[in-house]
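One letter stands for each residue in the lines below.
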Amino acid sequence: FQACTGIENIDEAITLLEQNNWDLVAAINGVIPQENGILQSEYGAETSHGPAYGPTSHSTAASSTPSSSSAFRYVVPSRQIVERQPRMLDFRVEYRDRNVDVVLEDSSTVGDIKHILENELQIPASKMLLKGWKTGDVDDSTVLKTLHLPKNNSLYVLTPDLPPPSSSHSGALQESLNQNFMLIVTHREVQREYNLNFSGISTIQEVKRNVYDLTSIPVRHQLWEGWPPSATDDSMTLAAAGLTFPCHRLTVGRRSSPVQTREQSEEQCTDVHMVSDSDGDDFEDATEFGVDDGEMFGVASSALRKSPMMPENAENEGDALLQFTAEFSSRYGDCHPVYFIGSLEAAFQEAFYGKARDRKLLAIYLHHDESVLTNVFCSQMLCAESIVSYLSQNFITWAWDMTKEANRARFLTMCTRHFGSVVAQTIRTQKTDQFPLFLIIMGKRSSNEVLNVIQGNTTVDELMMRLMAAMEIFSAQQQEDIKDEDEREARENVKREQDEAYRISLEADRAKREAQEREMAEQFRLEQIRKEQEEEREAIRLSLEQSLPPEPKEESTESVSKLRIRTPSGEFFERRFLASSKLQVVFDFVASKGYPWEEYKLLGTFPRRDVTQLDPNKSLLEVKLYPQETLFLEAKE
């Protein structure tokens, strides 16, 4: 409609289509009457849309109404000139194992990016090669505005003049296995690039299968350029293939096949003719407006045969969403919501089952290529910077393509399982022209609630208001969840503290009990030792007592020495010895009384002397302990 009428304001175009009940031909005839092909401005100014839309016409009235003698003429509001605000560009720059985010105005230069990276990476700007630009000739003085870049961009830095970090071969290989490689794959026939992320443990075969999903070229028909010479086996991992890190460029095309038969050529021509004439007579006069059949709605004829957003009967939802994201970017640019790559269950887990403060709403975008609203909704609303920013901050966005019947049935099955049959029936009854749909899901304790179902016939402002309204409901629920979670965590903390105090108390009691047991065991051991020592000493004492010679009688004819010995406790004991007896006999006698000479000293009185220091083999007479002597015992130090 915009291509036919030249109306650039999307809100105005949707309003006109709604007034004509979405009848394209009636809406075009209302704006550009078939009789004269004239457009009139609201202020009566001269408006020309070029030869494709008929001759230039002058109007003298601000508006006109249809009459019986003239065709219906719609008044087109004059276009407003909006002052251009500075445009901010986001760059994600990769260097080895680091990522640096850079945000600059589009009036900056490539050199400004290098100066920022010089401070972040500690690499001289003169040593950097900044790669990843879509255009070929880029130097430090190139102004970013002249490159016509999208808002979000990915670049990488090469430093060929700097030596790589030293490491062993096995260590480098292990590090490569843990790295992610960005493969920039160019589809030769359609001149389209795909940026694909693969881990180092992925194989070349996995890359080729993923490219098959994107390009519909079977692996056996793929003709590649750019693989390193070492990549000789499809089972080889990317880490071992010798790819350039972090980005590596490849080119893929279809192998040349034998010349088609005439019947095959005619069949392909018939298919193209069917696509061109599929809309019947409604558009047979489209060339009168300067628009070819293949350029209806501003879409090139090659786009009419565009790749599907999602493969039919995809086994893995993550792979299907990878193709969806790549195809969405190729159609509508890189400024679009960040779609969650993974299953719907994984999206639930990411959005609903974290901490209450980290939870988000889940937005499910349902795409349909056959809806007349899809192109407008995606390009003008879903890719609006304000919508993209708001979704990225507050939502987890998941997408699905409902064009193919198998994919539609699969989503309805998932919908029934997660949301119930009522929601599934609501989506099932939606007509094709009511797509695309935007479902806003909020997670609750026991179920998932669908807050809103937004149809494609909306505006940016209305879409934003409905998203914000859903956020208000979610925020209120989130505050309650945060309060409940904080209270639960407080209770759990108290319980943990009590459990910890109880555990410490138990450990203290156990330690005390073990200490007591050790002390008792030690006391028992010492008591046993003491008893053994006493028994040993008693045995020695008895042995010495039995080995003593008999005490001589007082009336003995031999010389007798009488010794009186005082103990440390003040007691005395006496005994008679032969003067010829050795001093060792006295020591044995004292030991037999419980005072071994190893522990006690035997001291004389006058003069004071230590008898134990004398030679024990001498006789009592020789050591002058005759005829009598008083001795006393003293413990050794």
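Conventions used here
Residues numbered from 1 in each chain as written. Predicted model: local features only at pLDDT ≥ 70, side-chain atom pairs only at ≥ 80, totals over all residues. Heavy atoms only, no water. Helix = DSSP H or I, 4+ residues; strand = E, 2+ residues; numbered from the N terminus. Buried < 20%, exposed > 50% of the residue type's maximum accessible area, 1.4 Å probe, protein only. Contact = heavy atoms within 4.5 Å. Areas by Shrake-Rupley, 256 points an atom, 1.4 Å probe, with all protein chains shown as cover. Expected span 1.5 Å × (residues − 1). Arc of directions from axis to C-beta. Axes fitted to C-alpha atoms, helices over the stretch in contact; angles between N-to-C directions. Parallel < 35°, antiparallel > 145°, perpendicular 65-115°, else oblique. Nonpolar A, V, L, I, M, F, W, Y, C, P; charged D, E, K, R; others polar. Salt bridge = Lys/Arg side-chain N within 4 Å of Asp/Glu carboxyl O. Phe/Tyr/Trp six-rings, centres within 6.5 Å; stacked < 30°, edge-to-face > 60°. Lys NZ or Arg CZ within 6 Å of the ring centre and 35° of its normal. Polar contact = N/O pair within 3.5 Å; in protein donor to acceptor, adjacent residues only side chain to side chain. Pairing = 2+ DSSP bridges. pLDDT = per-residue confidence, 0-100. Lys, Arg positive; Asp, Glu negative; His and termini not counted.

Caption draft 1: Broad picture of the overall build of the chain. Helix and strand counts for the chain come out as 15 helices and 19 strands. The burial tally for the chain puts 38% of its 637 residues in the buried class. Contacts in the chain between residues at least 24 apart in sequence constitute 64% of all its contacts with a sequence separation of at least 6. Only carbon and sulfur atoms are counted for the fraction: they give 49% of the accessible area of the chain, which is about 37,000 Å².

Caption draft 2: Structural detail: helix α4 (residues 110-121). The terminal C-alpha atoms of α4, which comprises twelve residues, lie 16 Å apart, in line with the 16 Å expected from a rise of 1.5 Å per residue. Looking only at α4, the buried set comprises Val-110, Gly-111, Ile-113, Lys-114, Leu-117 and Leu-121. Summarising the axial view, the buried residues of α4 lie within an arc of 150 degrees, below the 170-degree limit, and thus occupy one face. Those residues of α4 that are buried lie in contact with β3 (88-95), β4 (98-105), β5 (129-131) and β6 (152-158). Just beyond α4, the residue with positive phi is Gln-122, at close to 60 degrees.

Caption draft 3: Spatial organisation of the packing of helix α9 (residues 344-352) against helix α12 (residues 405-419). Where α9 contacts α12, the axes come no closer than 11 Å and their chain directions differ by 40 degrees. The pairing of α9 with α12 is recorded here as oblique in orientation. Between α9, through Leu-344, Glu-345 and Phe-348, and α12, the contact on the second element is made entirely by Met-414, Arg-417, His-418 and Phe-419. Here the contact of α9 with α12 is composed, by residue class, of four nonpolar, one polar and two charged.

Caption draft 4: Representation of the pattern of salt bridges. One pass over the full model with this rule turns up 30 salt bridges. Residues Arg-503 and Glu-500 are paired through a salt bridge, measuring 2.2 Å at the closest nitrogen-oxygen approach. Here Arg-503 pairs with Glu-500, and both are found in helix α14 (residues 460-547), just three residues apart, close to one helical turn. Take Arg-503: its relative accessible area is 35%, and that puts it in the partly exposed class.

Caption draft 5: Main features of the packing of aromatic side chains. Summed over all chains, the structure comprises 21 aromatic pairs. Each ring, one from Phe-348 and one from Phe-419, has its centre 5.8 Å from the other, and the planes form 80 degrees; the classification is edge-to-face. Note that Phe-348 is positioned in helix α9 and Phe-419 in helix α12, a separation of 71 residues in sequence. With respect to class, Phe-348 is no different from Phe-419; both count as buried. Here the aromatic residues Phe-324, Phe-328, Tyr-332, Tyr-339, Tyr-365, Phe-377 and Phe-438 are joined through ring pairs into a cluster of three or more. The ring of Phe-572 has Arg-564 sitting right over it, with the charged end atom 3.9 Å from the ring centre.

Caption draft 6: Expanded view of the environment of Thr-146. Relative to the assigned elements, Thr-146 resides in the loop between β5 and β6. Spatially, the C-alpha atom of Thr-146 lies 8.5 Å from that of Asp-106, the residues being 40 residues apart in sequence. Looking at Thr-146, its side chain comes within polar contact range of the main-chain oxygen of Val-143, at 2.5 Å.

Caption draft 7: Here's a closer look at helix α6 (residues 204-215). For α6, spanning twelve residues, the distance from its first C-alpha to its last is 16 Å, which sits close to the expected 16 Å at 1.5 Å a residue. Listed as buried for α6 are Ile-204, Val-207, Lys-208, Asn-210, Val-211, Leu-214 and Thr-215. Buried residues of α6 fall within an arc of 160 degrees about the axis and therefore sit on the same side. Close packing links the buried residues of α6 with β7 (180-187), β8 (192-199), β9 (222-225), β10 (247-254) and α8 (317-332).

Caption draft 8: Geometry of the sheet that holds β3. The four strands lie next to each other as β4-β3-β6-β5, forming an open sheet whose pairing is mixed. The open sheet has two free edges, formed respectively by β4 and β5, since each of these has just one partner strand. Geometrically, the sheet is characterised by an average inter-axis angle of 30 degrees between neighbouring strands, direction not taken into account. Pairing geometry for β3 and β6, over five bridges, is parallel.

Caption draft 9: Geometry of the confidence of the model for the chain. With 81% of its residues at a pLDDT of 70 or more, the chain shows a mean pLDDT of 79. Low confidence marks residues 166-170, where pLDDT is under 50. Its contacts with residues over four positions away, or in another chain, come to one contact. Note that residues 258-305 has pLDDT below 50 and, in this model, 35 contacts with residues that lie over four places away or in other chains.

Caption draft 10: Main features of the environment of Asn-20. Following the sequence through the fold, Asn-20 ends up in the loop between α2 (10-19) and α3 (24-31). Separated by ten residues in the primary sequence, Asn-20 and Gly-30 have C-alpha atoms spaced 8.6 Å apart. With sequence-adjacent residues up to four places away left out, Asn-20 is seen in contact with Ala-26 and Ala-27.

Caption draft 11: The pairing of strand β11 (residues 361-367), seen in detail. Most of β11 is tucked away: seven of the seven residues are buried. Burial along β11 is two-sided: the face carrying Leu-361, Ala-363, Tyr-365 and His-367 and the face carrying Leu-362, Ile-364 and Leu-366 are both buried.

Caption draft 12: Summary view of the sheet that holds β11. Taken in spatial order, the four strands make up an open sheet running β12-β11-β13-β14, and their pairing is mixed. Of all strands in the sheet, those bounded by a partner on one side alone are β12 (395-401) and β14 (448-455). Ignoring strand direction, the axes of neighbouring strands in this sheet form an average angle of 20 degrees. Note that strand β13 (residues 437-443) and β14 share seven bridges and pair antiparallel. Its bridge partner lying in β14, Ile-441 is registered against Val-450. On the sheet, helix α11 (residues 385-394) packs against β11, β12 and β13 and is oriented at approximately 110 degrees with respect to β12.

Caption draft 13: Spatial organisation of the side chain of Arg-408. The residue Arg-408 is located in helix α12 in this model. Buried Arg-408, no salt bridge; nearest opposite-charge side chain is Glu-405, N-O distance 4.5 Å. Those residues within four positions of Arg-408 in sequence are excluded, and the remaining contacts are Met-402, Ile-427, Arg-428, Gln-430 and Phe-435.

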